[in-house]
Structure formats: C-alpha cells, structure tokens
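# Chains, contacts and geometry: an overview
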Amino acid sequence: MTTVLIAGGGTGGHVFPMIAVGDAVRAADPDARVVYAGTARGIEVRVMGERGDQLELLHVLPLRGGGLSGLLRGAARAGRVLPEARRLVERLDARVVLSLGGYAGGPVSLAARSLGVPVAILEPNSVLGLSNRLLSPIVDRAYVAFPETARALRPSAVRHVGVPLRRAFARAPYAPREGELSLLVLGGSQGALALNDVVPRAIAASRARGVDLDVVHQTGRDREAAVRSLYADLGLSGRARVVPFIDDVAAALAAADVVIARAGASTLAELCAVGRPSILIPYPFAADDHQLKNARSLERSSAAVAIAQADATEARLAAEIARLAAAPALRARMADAAAALAAPDAAARVAQDLLELARAPRHRALRLPFGGRAQAAPPRVAREGAAPHGAGHGQEEAR
C-alpha cells in the first residue's frame, strides 16, 4: 500500500486544496492511503473530522505574524517537533510528502527528506509562502498556479498545474441580466470584518442609484448577527441572506452574477472554475501582500476588478456595482476571461505526479541537526514497471 502524506492546514486556502489532492490520489489509486498532517489551530480538525479523514496533529507555532519574537518562538518549536515529525513519517511508512505550507508543512517535509522520502510543495499563490520558500531547495516538485511563482523556484522542479479544487467546482453557464444582480459576498473561511462593514453600505448606496439586486453574504462564524443587524438598519433585510459559512460554495458561485471577495488563491481558483466576474478586495495584511498580487493577476486578464482595501470605500464599491449591473456584456466577457484561467485537472495532475514520485527509489538521506544524525535509509526498490526517479520529467514543459 502506498501512503501519501499531505501536510499543511490552517485556513480554507490550505485545507481544501489538500482535500482535493487527497481525493484525487484515491481516485487514481484506490489502494493508496492518504494521511493528512496539521495542527489543532486550523480548520482542518473540523473539516477533516467531519469527512472521517485520518489527520495527525503536530504542536507547531506560526513563524509569521508575531514579529521577531514570534519568528524565534516558531522556529524553536519547529526544531523541537522535528523528531516527532520524523517518527510520524516512519510510522506511516510515507512514500511521498506534499506540503502546502502552513504550520505543519515545514517540519513534516524536513523530516521526510531526512529519511530520503521524496518531497513536493504546492504553492497556490502568486508569491511563495515562507515555509515553501524555505523548503524549495530540497524539494523534488513545486506545483504552482501563477507564472510569477515559478521565477523563484528551480526550473526542473516546477510544474504549472493551477490550484487543486474539489470536484464540485465546474464551469456553470452565465446568463447576465441588465440592471439586476445576484451578488455573492465571500470573506474567506473566517470572514472579513472590513467587507462585513463596507459592503452592506455600498449595496444600499447602489440600490439608491436604482440598481435592483439581492445578496448572499458569508460573514464568518460568530459574525452574522452584527451583519444581519446592519442590513436591517439599511432597510435591506428582505434582499439579503446573511449566513456564517457556505458549505456548498460551488452552488453559490453558480447562482451569482457578481462576486465580491478577498483574493486568496483558492477563492480565485473557484471563481475561475465556475466562471464568474468579481470585485476583489485583497486582505491587506497577507504575507508579502500576496492577495493584492493575486488580484492584479486576474485583473490583467480582464476577469476581475481589483480594489485595494484602502480604496474600497462605500462610494467606490457602489460605483463598481452599478457599472457592472448596467453592463451585462462586460460581465459576460469577465466570466469568460475567468473561465479561461481555470485549471480543472489540477488535482488529478498533482495526484498522478505524486504517485509517480512515491514509486521511485528513495533519495540519499539528508542529515539534519536533530535527534543525532539521520542514518541513510536503504534505497527502496521501485515497483515493477515504475520509472526511475525523475525519468520522463526532465524535458517536460511546465504547462
């Protein structure tokens, strides 16, 4: 049995691509075992628990967001958890590890590499996350969605695949209506306080301009009461459905005419997969401002309008909503442009490549400064008919 270990987690932007790849691995090889590694800090505990997935938890701290002291604490904790991560890889007999960054990705990947196990990273954003950046010199594969990301990686390792999505996300016909909009507001899996405040006010202002619209607004957990109250104060209770979390995002996207959202990589991939025009308001404190760069990439392709949060005033948003409501042909072109960027086979491509790596012989063990020196594991004999490690990939064009 081939065990594929997928490490990462935290937010939906990490967890849902992890699940998409895991499901695709099982579809490609029903005998394969998929195990996830994360922390108790992220949504993976709830999401994977509801699915019945095997999730192994590590006590890891974030490296970013707490200044220098937070970075030092996170690095120290990652160092202390390396022996535990190494025992996990050995116990599972993992044949390949995929890291999506997040708290758990770094220690699990380093532990795997110390045992000679092939390691891959998946970077859905236009800027490499810190964990993936640190791992990049030792990985066998780097799966990316944006061409900008590839420039920071070893060319032989890069595979342009897009963002892996669950199977529910597929192109939906778009029939724009003039002057009438169904607006979907998505603040990400944890909601967005700034969107929760300014978007209802912008919607009220656009209705004052004569725009006929209704709205579905995902607020984030424990935030719906305040947003529902705001819509009521604005006289919009009858036109707004306020929910803490949308489980079937694919269906919600298919029912929308325009989407207002943050610009995390998974959100953008879902927009493109379904094919919907959007107004993107990136989270301004994302690492390396990657959400703004993600949004600008879609805007350059004419698939979205990107507005920095500092510029996303009530008046500016109301004007954009009214402009799109009055231009159904423009919305249709934006929907087509978004759909042209979709990568519906991303999860399957990553899964197939991971299984090929899993069947390859082990590497020479990488010596790491923990728990004594890592002993070189004996080379694993490749399964009959499997290509040697790297065969058939050296000349492959990144698609």
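Just so you know, the residues in each chain are numbered from 1, in the order the chain's sequence is written. Note on the predicted model: pLDDT of at least 70 is required for a residue's local features to be given, and 80 or more for side-chain atom pairs to be given and counted; whole-chain, interface and lining totals, by contrast, use all residues. Side-chain metrics rest on all non-hydrogen atoms present in the structure, leaving aside hydrogens and water.

### Let's talk about the overall build of the chain
Secondary structure elements are defined from DSSP: runs of H or I of at least 4 residues count as helices, runs of E of at least 2 residues count as strands, and each element is numbered from the N terminus. Assigned secondary structure in the chain consists of 14 helices and 13 strands. Under the scheme applied here, a residue whose accessible area is under 20% of the maximum for its type counts as buried, over 50% as exposed, and between as partly exposed, the area being computed with a 1.4 Å probe on protein chains only. Residues counted as buried form 54% of the 399 residues belonging to the chain. Note on contacts: a residue pair is in contact if any heavy atoms of the two residues lie within 4.5 Å. If you take every contact in the chain between residues at least 6 apart in sequence, the share linking residues at least 24 apart comes to 68%. Calculation of accessible area relied on Shrake-Rupley with a 1.4 Å probe; when residues are assessed, cover is drawn exclusively from the protein chains displayed. Here the chain has roughly 16,800 Å² of accessible surface; of this, 53% comes from carbon and sulfur atoms.

### Considering the confidence of the model for the chain
Where the model shows low pLDDT, its predicted coordinates should not be examined in detail. Of all residues in the chain, 86% have pLDDT values of 70 or greater, and the mean over the chain is 86. This model gives residues 371-399 a pLDDT under 50, and the stretch forms 40 contacts once residues within four places in sequence are excluded. By definition, pLDDT measures how confident the predictor is in each residue, and it falls between 0 and 100.

### Some points on the nonpolar core
Counting residues in hydrophobic clusters, the biggest one holds 33 residues, and the most contacted among them are V199, I203, Y231, I260, I279, L317 and I321. Elements with a minimum of two residues in this core: β8 (180-186), α7 (193-208), β9 (212-218), α8 (224-233), β10 (240-243), β11 (258-261), α12 (314-325) and α13 (328-340). With six residues, the single largest contributor to this core is α7. Contact partners of L317, with chain neighbours within four places excluded, come to V198, V199, A202, I279, I281, I307 and A312. Working definition of a nonpolar core: buried Ala, Val, Leu, Ile, Met, Phe, Trp, Tyr and Cys residues. They are joined through side-chain atoms within 4.5 Å. Ranked by size, the runner-up nonpolar core spans 31 residues in total, among them A172, V249, A256 and L280.

### With respect to the sheet that holds strand β13 (residues 304-306)
What makes two strands pair is DSSP finding at least two bridges between them. The six strands are arranged β10-β9-β8-β11-β12-β13 in an open sheet whose pairing can be described as parallel. Each edge of the sheet is formed by a strand with only one pairing partner; in this case those strands are β10 and β13. Across this sheet, the average inter-strand angle for adjacent strands is 15°, counted without regard to direction. To obtain an axis, a line is fitted to C-alpha atoms, over the contacting stretch when the element is a helix, and the angle between two such axes runs from 0 to 180 degrees between their N-to-C directions.

### A closer look at the environment of V15
For V15, the position within the fold is in helix α1 (residues 12-28). Take V15: its relative accessible area is 0%, and that puts it in the buried class. Along the chain, V15 and G38 lie 23 residues apart, while their C-alpha atoms are 9.2 Å from each other. Not counting chain neighbours up to four residues away, the residues in contact with V15 comprise G9, G10, I43, E44, V47 and M48.

### Digging into unusual backbone geometry
In the Ramachandran plot, D222 falls in the positive-phi region, its phi being about 70° despite a non-glycine side chain. Judged by relative accessible area, which is 77%, D222 ranks as exposed. If you check the backbone angles, D289 has positive phi at about 55° while not being a glycine.

### With respect to the pairing of β9
Examined bridge by bridge, β8 and β9 share seven bridges and lie parallel to one another. Paired with L186 across the two strands is Q218, which belongs to β9. As paired elements, β9 and β10 share four bridges and run parallel to each other. Opposite Q218, over in β10, you have V243 as the bridge partner. Place the viewer so that the strands point away; then a crossover is right-handed whenever the path from the first strand over the helix to the second strand goes clockwise. For the crossover that starts at β9, traverses α8 and ends in the parallel β10, the hand is right-handed.

### Some remarks on α13
Helix span is expected to be 1.5 Å times the residue number reduced by one. The terminal C-alpha atoms of α13 lie 18 Å apart, and with 13 residues this matches the ideal 18 Å at 1.5 Å per residue to within 8%. Those residues of α13 lying buried are P328, L330, R331, M334, A335, A337, A338 and A339. Tucked inside the fold, the buried residues of α13 contact β8, β11, α10 (265-274), β12 (278-280), β13 and α12.

### Quick notes on the packing of α1 against helix α2 (residues 44-51)
Contact geometry of α1 with α2 gives a least axis separation of 10 Å together with a crossing angle of 30°. Relative to α2, α1 is oriented roughly parallel. Once α1 is placed against α2, the crossing between them reads as right-handed. Contacts from V15, F16, M18, I19, D23 and R26 of α1 reach α2 at E44, V47, M48 and R51. As a working rule, the residues Ala, Val, Leu, Ile, Met, Phe, Trp, Tyr, Cys and Pro are called nonpolar, Asp, Glu, Lys and Arg charged, and the rest polar, with Gly in that last group. Within the contact of α1 with α2, the residues separate by chemical class into six nonpolar, no polar and four charged. Any angle that falls under 35 degrees is termed roughly parallel, while one over 145 is termed roughly antiparallel, one within 65 to 115 roughly perpendicular, and all others oblique. Each crossing is labelled by how the near helix is turned from the far one, with a counterclockwise turn of less than a right angle marking it left-handed and a clockwise turn marking it right-handed.

### Quick notes on the packing of aromatic side chains
Working definition: a ring pair exists when centres of Phe, Tyr or Trp rings (six-membered ring for Trp) sit within 6.5 Å. Plane angles under 30 degrees give stacked, over 60 give edge-to-face, the rest tilted. Per the counting criterion, the structure on display carries one aromatic pair. With centroids separated by 5.7 Å and ring planes inclined at 75°, the aromatic side chains of Y283 and F285 adopt a geometry described as edge-to-face. Accessibility expressed as a relative area gives 38% for Y283, which makes it partly exposed. For F285, a relative accessible area of 64% gives the class exposed. Should the NZ of a Lys or the CZ of an Arg lie within 6 Å of a ring centre and within 35 degrees of the ring normal, that charge is described as sitting over the ring. Its end group placed over the ring of F16, R166 keeps NZ or CZ at 4.1 Å from the ring centre.

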